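The lines below spell out each chain.
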Amino acid sequence: MKDRTLEPKLGSLLAGMLEVMTDRGPDSAGFAVYGDGAAAQVKFTIRCADAGGVAEALGTALGVDVSTTIHDTHAVLTLGAEHEAAARAWFRAERPDVAVNGAGRRIELYKEVGLPADVSQRFGLESMAGSHGIGHTRMATESAVTTAGAHPFSTGMDQCLVHNGSLSNHASLRRMLVKQGMTFETDNDSEVAAGYLSWKMRGGATLAEALEAGLADLDGFYTFVVGTENGFAVVRDPISCKPAVMAETDEYVAFASEYRALAGLPGVERARVFEPEPARVYAWERH
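Residues numbered from 1 in each chain as written. Predicted model: local features only at pLDDT ≥ 70, side-chain atom pairs only at ≥ 80, totals over all residues. Heavy atoms only, no water.

1. A short note on helix α7 (residues 207-217)
1) Next: The set of residues buried in α7 consists of L207, A210, L211 and G214. In an axial view of α7, the angular spread of the buried residues amounts to 95°, which keeps them on one side of the axis.
2) Next: Buried residues along α7 sit in contact with α6 (189-202), β9 (220-228) and β10 (231-236). (Buried < 20%, exposed > 50% of the residue type's maximum accessible area, 1.4 Å probe, protein only. Helix = DSSP H or I, 4+ residues; strand = E, 2+ residues; numbered from the N terminus. Arc of directions from axis to C-beta. Contact = heavy atoms within 4.5 Å.)

2. Looking at empty space enclosed by the protein
1) Next: Enumeration over the complete set of coordinates arrives at 1 cavity of 30 Å³ or more.
2) Next: Counted as a void, the largest cavity has a volume near 50 Å³.
3) Next: Looking at the largest cavity, the residues that line it are F153, S154, T155, G156, Q159, C160, L161, A194, L197, S198 and V226.
4) Next: Secondary-structure elements contributing two or more residues to the lining of the largest cavity are β8 (160-167) and α6.
5) Next: Top contributing element to the lining of the largest cavity by residue count: α6, with 3 residues.
6) Next: Grouping the amino acids of the lining of the largest cavity by side-chain chemistry returns 6 nonpolar, 5 polar and no charged. (1 Å grid on protein atoms, 1.4 Å probe; cavity = no way out; pocket = protein on both sides within 12 Å on 5 of 7 lines; lining within 4 Å. Points joined across faces, edges and corners; volume = space filled by probe spheres on them. Nonpolar A, V, L, I, M, F, W, Y, C, P; charged D, E, K, R; others polar.)

3. Observations concerning helix α4 (residues 116-123)
1) Next: Within the sequence span of α4, burial applies to P116, V119, S120 and F123. One face of α4 carries all of its buried residues, which in axial projection span an arc of 100°.
2) Next: The inward-facing, buried residues of α4 abut α1 (10-20), β1 (28-34), β3 (67-71), β4 (74-80), β6 (107-113) and β7 (132-138).
3) Next: Just downstream of α4, G124 is the residue with a positive phi angle, here 70°.

4. Thoughts on the sheet that holds strand β5 (residues 99-104)
Sheet strands associate in pairs through backbone hydrogen bonding, adopting either a parallel or an antiparallel arrangement.
1) Next: The strand order across the open sheet built from 4 strands is β3-β4-β2-β5, with neighbouring strands paired in antiparallel fashion. What marks the edges here is a single partner per strand, and that holds for β3 and β5. Each strand axis lies, on average, 20° off the axis of its neighbour in the sheet, ignoring direction.
2) Next: Direction of pairing for β3 relative to β4: antiparallel, over a ladder of 5 bridges. Looking at β4, one finds that I70 is bridged to A75. (Pairing = 2+ DSSP bridges. Axes fitted to C-alpha atoms, helices over the stretch in contact; angles between N-to-C directions.)

5. A short note on the packing of α1 against α4
1) Next: Where α1 meets α4, the closest approach of the two axes is 8 Å, and the angle between their N-to-C directions is 155°. Between α1 and α4, the angle falls in the class roughly antiparallel. Contacts between α1 and α4 involve A15, L18 and E19 from the former and P116, A117 and S120 from the latter.
2) Next: Here the contact of α1 with α4 is built from residues that sort into 4 nonpolar, 1 polar and 1 charged. (Parallel < 35°, antiparallel > 145°, perpendicular 65-115°, else oblique.)

6. Some words on the layout of surface pockets
1) Next: Taken as a whole, the largest pocket encloses approximately 950 Å³ of empty space.
2) Next: Surrounding the largest pocket, 44 residues form its lining, G135, H136, V162, F255 and S257 being those nearest its centre.
3) Next: Going through the elements one at a time, α1, β7, β8, α6, β9 and β12 (253-256) are the ones with two or more residues in the lining of the largest pocket.
4) Next: Among the elements that line the lining of the largest pocket, the one with the most residues is β7, at 7 residues.
5) Next: Per-class residue counts for the lining of the largest pocket are 23 nonpolar, 16 polar and 5 charged.
6) Next: Its volume calculated, the second largest pocket comes out at about 740 Å³.
7) Next: Along its surface, the second largest pocket is lined by 28 residues, and R88, V100, S154, T183 and E185 are the ones closest to its centre.
8) Next: Residue assignment for the lining of the second largest pocket shows that the elements contributing at least two residues are α3 (84-94), β5 and α6.

7. Examining the environment of D72
1) Next: By secondary structure assignment, the location of D72 is in the loop between β3 and β4.
2) Next: The exposure class of D72 is partly exposed, given its relative accessible area of 41%.
3) Next: Residues D72 and G124, spaced 52 residues apart in sequence, show a C-alpha to C-alpha distance of 9.0 Å.
4) Next: Beyond its immediate stretch of four places on either side in the chain, D72 contacts R122 and F123.

8. Considering the pattern of salt bridges
1) Next: Tallying each qualifying case throughout the model produces 16 salt bridges.
2) Next: The residue E248 makes a salt bridge to R272 at a minimum N-O spacing of 3.4 Å. With E248 in strand β11 (residues 245-248) and R272 in strand β13 (residues 272-274), this pair connects stretches of sequence that are 24 residues apart.
3) Next: Taking the relative accessible area as the measure of exposure, E248 reaches 19% and is therefore buried.
4) Next: Linking E277 and R280 is a salt bridge whose minimum nitrogen-to-oxygen distance equals 3.8 Å.
5) Next: E277 sits in the partly exposed class, given a relative accessible area of 43%. (Salt bridge = Lys/Arg side-chain N within 4 Å of Asp/Glu carboxyl O.)

Set out below in structure tokens:
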């Protein structure tokens, strides 16, 4: 959102966009919302059967306070940022059944199998506020219909990616990235793309630079939307066979696979509506 007075409406606007796109992705849905955060804290969005018990056990093990907000099958655990590495190690050692959807200062990431409207309702998306959000409805093509395989994918702090398309070299990229210390939870090619961008950014690249490098290193067809703590970016492969449309006003920037997902946004009739050009990175940051 460019206009911060719209931030309380982010969840309801994103929920409406996801529901409109149900026929493009009826298998599962997910979304990341960038809301309030504090520099001294880290938020983990986890999914498991007993999130409250996990928070209590984690706090006891680390000797720290862990606040918990439950959202259906997911929970957001908040603790001091200095305990991030210890928390991840505890999850791996003591609760390997706990899936960490994402972590960061501001990101909360929810996803589940089911129709977009049902997923949005289960997690209370309409009541969520934030500066920006990334949503996705999935029709599985490259892997099974599972919660883990739903988008967005997050492989870096306050980072997430959604993908429309298919990568042909994801297996070789995965092997390379694993050697570089990246870890993956699924066989989904989109998670490999997210991991590639996180790896580039850990090496000092900006998001735009990482996406530009991906144009040379990622084979296949794709449209990526990538979120970070301060904004988001869009890129399409050089052929751009997947549909994409953007709308920009003085109040917001919005992206979708089809215009009908944008049609309900406030003031869209006054927006600059355009199709992103092939092999060009479009990026916006919160100021």
